[in-house]
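# Per-entry structural report
Each chain is listed here by its residues.
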Protein chains: 2
Amino acid sequence: MSPDTLDSTFAALSDPTRREILARLASGEASVKELAEPFEMTLPGVSKHLKVLERAGLISRGRVAQSRPCRLEAAPLWEAADWVGRYRRFWEEGFDRLDDYLRGLQSGVDEGGGRG
Amino acid sequence: MSPDTLDSTFAALSDPTRREILARLASGEASVKELAEPFEMTLPGVSKHLKVLERAGLISRGRVAQSRPCRLEAAPLWEAADWVGRYRRFWEEGFDRLDDYLRGLQSGVDEGGGRG
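These notes cover the structure that comes with them.

Below, the discussion takes up the overall build of chain A. Looking only at helices and strands, chain A has six helices and two strands in total. Walking chain A from its N terminus toward its C terminus, one meets helices and strands in the order α-α-α-α-β-β-α-α. Against the compact-globule benchmark of 13 Å for 116 residues, chain A has a radius of gyration of 22 Å, which places it well outside the compact range. Expressed along its principal axes, the backbone C-alpha trace of chain A runs to roughly 75 × 35 × 20 Å. Relative to its 116 residues, chain A shows a buried fraction of 37%.

This structure, assessed with the given rule, holds seven aromatic pairs over all chains. Judged by centre distance (6.0 Å) and plane angle (20°), the ring pair of Phe 10 of chain A and Phe 10 of chain B falls under stacked. Here Phe 10 of chain B lies in helix H1 (residues 3-13) and Phe 10 of chain A lies in helix H1 (residues 3-13), a pairing that spans two chains. Summarising the burial analysis for this pair, Phe 10 of chain A and Phe 10 of chain B share the class buried. An angle of 45° between the planes, with centres 5.0 Å apart, marks the rings of Trp 83 of chain A and Tyr 87 of chain A as tilted.

According to the stated counting rule, one finds six salt bridges over all chains in the structure shown. One salt bridge connects Asp 7 of chain A with Arg 19 of chain B, and the closest N-O pair in it is separated by 2.9 Å. Of this pair, Asp 7 of chain A sits in helix H1 while Arg 19 of chain B sits in helix H2 (residues 16-25), on two different chains. Put simply, Glu 29, Arg 71 and Glu 73 of chain A are held in one network by salt bridges that share partners.

Let us now look at the interface of chain B and chain A. Of the residues lining the interface, 28 residues belong to chain B; the matching set on chain A comes to 28 residues. The contact between chain B and chain A buries some 2,500 Å² in all, and 74% of this surface belongs to carbon and sulfur atoms. If you look at where chain B meets chain A, you find six residue pairs in polar contact (both at pLDDT 80 or more). Among the elements of the structure, H1, H2, strand E2 (70-72), helix H5 (75-85) and helix H6 (88-115) of chain B are those that each provide at least two residues to the side of chain B that touches chain A. In the side of chain B that touches chain A, the residues fall into 21 nonpolar, one polar and six charged.

What counts, and at which threshold
Per-chain numbering applies: the sequence of each chain, read as written, is numbered from 1 onward. Ligands are numbered from 1 and chains lettered from A, in the order in which they are written. Residue-level local features of this predicted model are given only where pLDDT is at least 70; pairs of side-chain atoms are given and counted only at 80 or more, and the full residue set underlies all totals for whole chains, interfaces and linings. To obtain the side-chain values, all non-hydrogen atoms of the structure were used and water was disregarded. Where helices and strands are cited, they refer to DSSP runs of H or I of at least four residues and of E of at least two residues respectively, numbered from the N terminus. Restricting the calculation to C-alpha atoms gives the radius of gyration, and the globule rule supplies 2.2 Å times the number of residues raised to the power 0.38. Relative accessibility decides the category of a residue: with a 1.4 Å probe and only protein chains considered, values under 20% of the type maximum give buried, values over 50% give exposed, and everything between is partly exposed. Put simply, two rings from Phe, Tyr or Trp (the six-membered ring, in Trp's case) pair if the centres are within 6.5 Å, and we call them stacked under 30 degrees between planes, edge-to-face over 60, tilted for the rest. Here, a salt bridge means any side-chain nitrogen of Lys or Arg that lies within 4 Å of a carboxyl oxygen of Asp or Glu. We call two residues in contact whenever any of their non-hydrogen atoms come within 4.5 Å of each other. Here the quantity called buried area is the accessible surface, traced with a 1.4 Å probe, that two parts lose on coming together, added over both. Nitrogen and oxygen atoms within 3.5 Å of one another constitute a polar contact, given that in protein one can donate a hydrogen and the other can accept it, and given that sequence-neighbouring residues count only through two side-chain atoms. Polar here means any residue other than Ala, Val, Leu, Ile, Met, Phe, Trp, Tyr, Cys and Pro, which are nonpolar, and Asp, Glu, Lys and Arg, which are charged; Gly is therefore polar.

Structure follows, in structure tokens:
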């Protein structure tokens, strides 16, 4: 896994419009025009985002000259998931602590109910 | 999950030094001085990265005035993992295609061996 790939993947994902473009492409290929519609953006505005996604390897473009449909490429997302997944035990510990805390609150409520 | 959180999380993760700082903090709390050592960076240089990580909620700082040890905070990493995980089926499909391809190559080799 190259650090450069992670740099460009995470940078590309740091923009909400680019994340929404990927979400749209998850349901199938789309042209620039189709991608631009929900954002009320100009075609050059969307093209700029697509260039960032393409440089990061997150999308590829078809060769049909007029439409060049965009397609989701998942490999960089796998690398990002792999990196973030190394920290899984930390958030699981956090959830466990929250569970304990909530269980403590609940047993306090139950005891209070018993006395009432 | 707020889009702003994902924006700042992914932006913070797009820098290799910041990712290494998080990796260091995964093995325990550390002072700015301890974090600066492996990078041959100035303390202000490291402090700048720590500010980005702190604003993104990826670390918290202790209250001991002199050292203010840094601590990993996993909640934003969980949100990032959750977002990226939505695309799991895409990279799994990619791996399946690669598997099929390699199995195809292997059976070609086996058949070749039988004829040889």
